[in-house]
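Below, each chain spelled out in residue letters.
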Amino acid sequence: MGFIATIYFARLLGADPLGIYYLVIGVVSWLAIAGKIGVSGAVTKRVSEGEEQEKYAAAGFSFIILLFVVLSASLLVLQPYVDNYFGHPATGYVVLILLVTLIWSIVSSLLSGLHLVHLRGILSPVKTGGQSLLQIGAVAAGLGLTGLFLGYIVGLALTIVIGGAFVFRHFSGLQLPETRHYRSLFDYAKFSWLGNLESRMFNYTDVIVLGFFVPSALIGVYSIAWNIAMFLILFSGSISTTLFPEMSEQSANDDPQSVANLLKDALSYAGLLLIPGLVGGTILGERILRIYGDEFTQGAVVLTILIVAALIRAYQKQLLNTLNAIDRPDLSFRANALFVVTNVSLNIVLIYLYGWLGAAIATALSVIISLVVANHYLTSIIEFTVPYSEIVRQWLAAITMGVIVYGCLQLENVYSLLGHNAATVVLLVMLGATTYFLFLLVISTQFRQTVGRNLPVHIPFLSR
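So, on to the overall build of the protein. Looking only at helices and strands, the protein features 19 helices and zero strands. Radius of gyration (C-alpha) of the protein: 22 Å, near the 23 Å computed for a compact globule of 464 residues. Projected onto its principal axes, the C-alpha coordinates of the protein cover approximately 70 × 60 × 45 Å. Looking at the protein as a whole, 54% of its 464 residues qualify as buried. Of all intrachain contacts in the protein linking residues separated by at least 6 positions in sequence, the fraction that spans at least 24 positions is 81%. Summed over all atoms, the accessible surface of the protein reaches about 20100 Å², with 67% contributed by carbon and sulfur. Distance between charge centroids for the protein: 3 Å, based on 23 positive and 23 negative side chains.

Following this line, the structure appears as structure tokens:
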């Protein structure tokens, strides 16, 4: 839904307004780190342990509101400088977006902590769909960039109302927290806050630094490429979200082998969509970006590098997720700290030297270093096996898919069988996806059995 909405915005508004919009969203994401300082992650961890959930929830919410008051007052005082950075009077929207972002962070963390990750998952398309529909309507009504901001705020606010209703249904009532509840959250948050920083830096450091070196139009193109890469990492993110409360519970029960088994499953499927996404994105990148408009095709190489970064990130995230789940946020903190320093340094240097291409490379290099360090820390605590054979099968299926898609693309380039770019992209993506999953079903027993267990009907082939 976000993909389709972004195409509409890109064609109607162009790259420059989109650049301002994504710059605002990026800045808010950074501010949200200061507005959460790891509290949302701490709430998920403590609530998932099953003790005094209402008191931890109340402590987390009061923390968040206090931090929002401090941040919003600072923004309003510095309004002239903030507006000047954006090149647009956007400070008021920044405050409102920050408010709904912080409240949503606590609601979503409570959903995860209560083991309601399926409801949080359902709310994800509700949030994106609601925001997209409201933004499309506002832009169609002629509100332009203002419509994008308002649609984002109202759509997220509606999602908060729905998610909050589910949370309250699982609580026995409001219970005031005690000092020890705040202290317990702080003890976890003082390490886990850097995880939020690392996540936001992975998503937005390049965009923020680009804001000092390149025009808004190029930031818009870069952000479109980034959105495509982030679409492919959604499945990996859902694995992390789903497994965290389960790993946390098993760790609290002193069952390290169950945690290791869950991690192996996570690593098996972290690249399920990203591996074929990288192959397909490399082949069809320019064609995909042309859907947004001809000015966006210059981001094809950047798109490929960003998908590589997203693939590495998928595996790195599973390791960091496990460290946090087994109550070792201190080790996760160290890996995240290394990523933060490396990412900022490389982005500044490489963007200065190579422009937006340097931004993509800096992101990929930073996450590789963090992956190596996280793996070192985790292997020193629990024994787990990396499912190399399953990952190799996914690569074999993706390469087979790539050969077929590339051949069909060359036929289209020579004979113009369809003569329409969007139709060509859709058909080739569908062909590629079908080829990849069918081939993977044939060569991977694990994938075949996983699919079979999750289908509502029994298929003999999928049980073997």
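Ranked by size, the top nonpolar core spans 136 residues in total, and within it L98 and Y222 carry the most contacts. Considering each element in turn, this core owes the most residues, 14 residues, to helix 14 (residues 300–325). When sequence neighbours within four positions are dropped, the list of residues in contact with L98 reads V28, L31, A32, F68, L71 and L75.

Below, the discussion takes up the side chain of T322. Within the secondary structure, T322 is located in helix 14. On the basis of relative accessibility, which here comes to 0%, the residue T322 falls in the buried class. A polar side-chain atom of T322 sits 2.8 Å from the main-chain carbonyl oxygen of Q318.

Once that is clear, we can look at helix 19 (residues 445–454). Among the residues making up helix 19, those that are buried are F447, R448 and T450. In an axial view of helix 19, the angular spread of the buried residues amounts to 165°, which keeps them on one side of the axis. With a side-chain oxygen lying 3.1 Å from the backbone nitrogen of F447, the N-terminal cap of helix 19 falls on S444.

As a further point, take helix 10 (residues 216–232). Look at helix 10: 25 Å from first C-alpha to last across 17 residues, which is about the 24 Å you get at 1.5 Å a residue. Burial analysis of helix 10 places twelve of its 17 residues in the buried class, which makes it a mostly covered element.

This brings us to the side chain of Q394. In this structure, Q394 sits in helix 17 (residues 388–415). Within the structure, the side chain of Q394 is placed 2.7 Å from the backbone oxygen of S268, a separation counted as a polar contact. Beyond its immediate chain neighbours, meaning those up to four positions away, Q394 contacts S268, Y269, G271, L272, I275, Y315, Y436 and L440.

Tracing the backbone through its elements, the reader meets L23 in helix 2 (residues 15–36). Once the C-alpha coordinates of L23 and G220 are considered, the two residues, 197 residues apart in sequence, prove to be 8.9 Å apart. Ignoring anything within four residues of it in the chain, the contact list for L23 reads Y85, F86, V207 and I208.

Turning to the packing of helix 4 (residues 53–77) against helix 5 (residues 79–86), a few remarks are in order. It is at 5 Å that the axes of helix 4 and helix 5 come closest, and there the two elements cross at 80°. Between helix 4 and helix 5, the angle is such that the two are roughly perpendicular. Facing L75, L76 and V77 of helix 4, the residues of helix 5 in contact are Q79, P80 and V82. Among the residues forming the contact of helix 4 with helix 5, the class breakdown is five nonpolar, one polar and no charged.

So, about the pattern of salt bridges. Per the stated rule, a full pass over the model turns up three salt bridges. Close ionic contact of D330 with R328 constitutes a salt bridge, the shortest N to O distance being 3.0 Å. A residue is classified by how much of its surface remains accessible, and D330, at 19% relative accessible area, is buried. The class of R328 is partly exposed, set by a relative accessible area of 31%. Residue E390 is joined to R393 by a salt bridge in which the shortest nitrogen-to-oxygen separation is 3.4 Å. Taken together, the residues E390 and R393, both in helix 17 and three residues apart, mark about one turn of the helix. By relative accessible area, which is 28% here, R393 ends up partly exposed.

Before going further, it helps to spend a moment on the packing of aromatic side chains. For the coordinates displayed, the defined rule picks out eight aromatic pairs. Taken together, a centroid distance of 6.0 Å and an interplanar angle of 70° make the contact between Y8 and F9 edge-to-face. Of the residues examined, F9 reaches a relative accessible area of 5% and is grouped as buried. Note on Y436 and F437: the rings are 5.0 Å apart at their centroids and 70° apart in plane angle, and the pair reads as edge-to-face.

This brings us to the environment of A42. With respect to the element layout, A42 can be found in helix 3 (residues 39–48). Residue classification places A42 among the buried residues on the basis of a relative accessible area of 0%.

Note on placement: D83 falls in helix 5. By relative accessible area, D83 is classed as buried at 17%.

Parameters and conventions
Residues numbered from 1 in each chain as written. Predicted model: local features only at pLDDT ≥ 70, side-chain atom pairs only at ≥ 80, totals over all residues. Heavy atoms only, no water. Helix = DSSP H or I, 4+ residues; strand = E, 2+ residues; numbered from the N terminus. Rg over C-alpha atoms; globule rule 2.2 N^0.38 Å. Buried < 20%, exposed > 50% of the residue type's maximum accessible area, 1.4 Å probe, protein only. Contact = heavy atoms within 4.5 Å. Areas by Shrake-Rupley, 256 points an atom, 1.4 Å probe, with all protein chains shown as cover. Lys, Arg positive; Asp, Glu negative; His and termini not counted. Charge placed at Lys NZ, Arg CZ, Asp CG, Glu CD. Core = buried A, V, L, I, M, F, W, Y, C linked by side-chain atoms within 4.5 Å. Polar contact = N/O pair within 3.5 Å; in protein donor to acceptor, adjacent residues only side chain to side chain. Arc of directions from axis to C-beta. Expected span 1.5 Å × (residues − 1). Axes fitted to C-alpha atoms, helices over the stretch in contact; angles between N-to-C directions. Parallel < 35°, antiparallel > 145°, perpendicular 65-115°, else oblique. Nonpolar A, V, L, I, M, F, W, Y, C, P; charged D, E, K, R; others polar. Salt bridge = Lys/Arg side-chain N within 4 Å of Asp/Glu carboxyl O. Phe/Tyr/Trp six-rings, centres within 6.5 Å; stacked < 30°, edge-to-face > 60°.

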